[in-house]
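# Reading the structure
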Amino acid sequence: MATETEKLRIDKYLWSIRLFKTRSLATEACKAGRVKLNGQNIKPSYVVKVGDIYQVQKGIERKIVKVLGLLERRVDAKTAVQFYEDQTPEEETTAYKSAFHAPILTRDRGAGRPTKRDRREIDDLKEDWWEDDGQSK
């Protein structure tokens, strides 16, 4: 565990708190502009400071993370949670989780292209699902 005076790179920090599976994935995310501080893209070599709030995007998942302590080595998940605070709004977290419960539309093999009527029914089904946010009444 690093002290507050030591320097720690953002890519190494994100890897050590288990936001990314490998350090190279964390580095690539920084280079691609998916890690931000105050709305600004940061480089993988950016020095992490306690109290900073980072916006991290992994695929469709977005996280807002506040640094509580510096962690130089990768540790188990229970320990890693003590070094950051997840400030992601609850709405974004539930929206991300509900994307995995969306209906999967499949057609029988050999059924051919959907007709105009089929297409409208498929579109109506998709619209109904996203308007309800996947919550049953």
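Residues numbered from 1 in each chain as written. Predicted model: local features only at pLDDT ≥ 70, side-chain atom pairs only at ≥ 80, totals over all residues. Heavy atoms only, no water.

Within an unreviewed UniProt entry, the label attached to the protein chain reads RNA-binding S4 domain-containing protein, and the organism entered is Sphingobacterium kitahiroshimense. Per UniProt, the protein chain has the following entry under Sequence similarities (unreviewed entry): "Belongs to the HSP15 family." (UniProt positions renumbered as here; feature names shortened; annotations may be inferred.)

This brings us to unusual backbone geometry. Backbone geometry follows two general trends: most residues other than glycine have a negative phi, and most peptide bonds adopt the trans configuration. Phi is positive for Arg-18, close to 70°, though the residue is something other than glycine. Residue placement: Arg-18 occurs in the loop between α1 (10-16) and α2 (23-31). (Helix = DSSP H or I, 4+ residues; strand = E, 2+ residues; numbered from the N terminus.)

Here we come to the pattern of salt bridges. Applying the stated criterion across every chain yields a total of seven salt bridges. For Arg-23, the salt bridge identified is with Asp-11, shortest N-O distance 3.6 Å. In this pair, Arg-23 sits in helix α2 while Asp-11 sits in helix α1, placing the two residues 12 residues apart along the sequence. For Arg-23, a relative accessible area of 33% gives the class partly exposed. Notably, a salt bridge pairs Lys-12 with Glu-72, separated by 4.0 Å at the nearest N-O pair. One end of the pair, Lys-12, is in helix α1; the other, Glu-72, is in the loop between β4 (61-67) and α3 (77-80), with 60 residues separating them in the sequence. Judged by its relative accessible area of 29%, Glu-72 is partly exposed. Here the salt bridges do not stand alone but share partners, grouping Arg-9, Asp-11 and Arg-23 into one network. (Salt bridge = Lys/Arg side-chain N within 4 Å of Asp/Glu carboxyl O. Buried < 20%, exposed > 50% of the residue type's maximum accessible area, 1.4 Å probe, protein only.)

Attention shifts here to the pairing of strand β3 (residues 53-58). Consecutive residues of a regular strand have side chains that alternate between opposite faces of the sheet. Across three bridges, strand β1 (residues 35-37) lies against β3 in antiparallel orientation. By the bridge assignment, Leu-37 is partnered in β3 with Tyr-54. Sheet analysis places β3 next to β4, joined by six bridges and oriented antiparallel. Bridging from a neighbouring strand, Tyr-54 pairs with Val-65 of β4. With antiparallel pairing between neighbouring strands as the criterion, β3 and β4 make up a hairpin whose turn holds two residues, including Gly-59 at a positive phi of roughly 65°. (Pairing = 2+ DSSP bridges.)

On inspection of all chains with the given rule, the structure shows one aromatic pair. Between Tyr-46 and Tyr-54, the aromatic rings sit 6.5 Å apart at their centres with planes inclined by 80°, giving edge-to-face as the arrangement. Here Lys-58 stacks its cationic end above the ring of Phe-20, 5.7 Å away from the centre of that ring. (Phe/Tyr/Trp six-rings, centres within 6.5 Å; stacked < 30°, edge-to-face > 60°. Lys NZ or Arg CZ within 6 Å of the ring centre and 35° of its normal.)

Another aspect to go through is the side chain of Ser-16. Note on placement: Ser-16 falls in helix α1. There is a polar contact of 2.7 Å between the side chain of Ser-16 and the backbone oxygen of Leu-71. Apart from residues no more than four positions distant in its own chain, Ser-16 is found in contact with Leu-71, Glu-72, Arg-73, Arg-74, Val-75 and Ala-80. (Polar contact = N/O pair within 3.5 Å; in protein donor to acceptor, adjacent residues only side chain to side chain. Contact = heavy atoms within 4.5 Å.)

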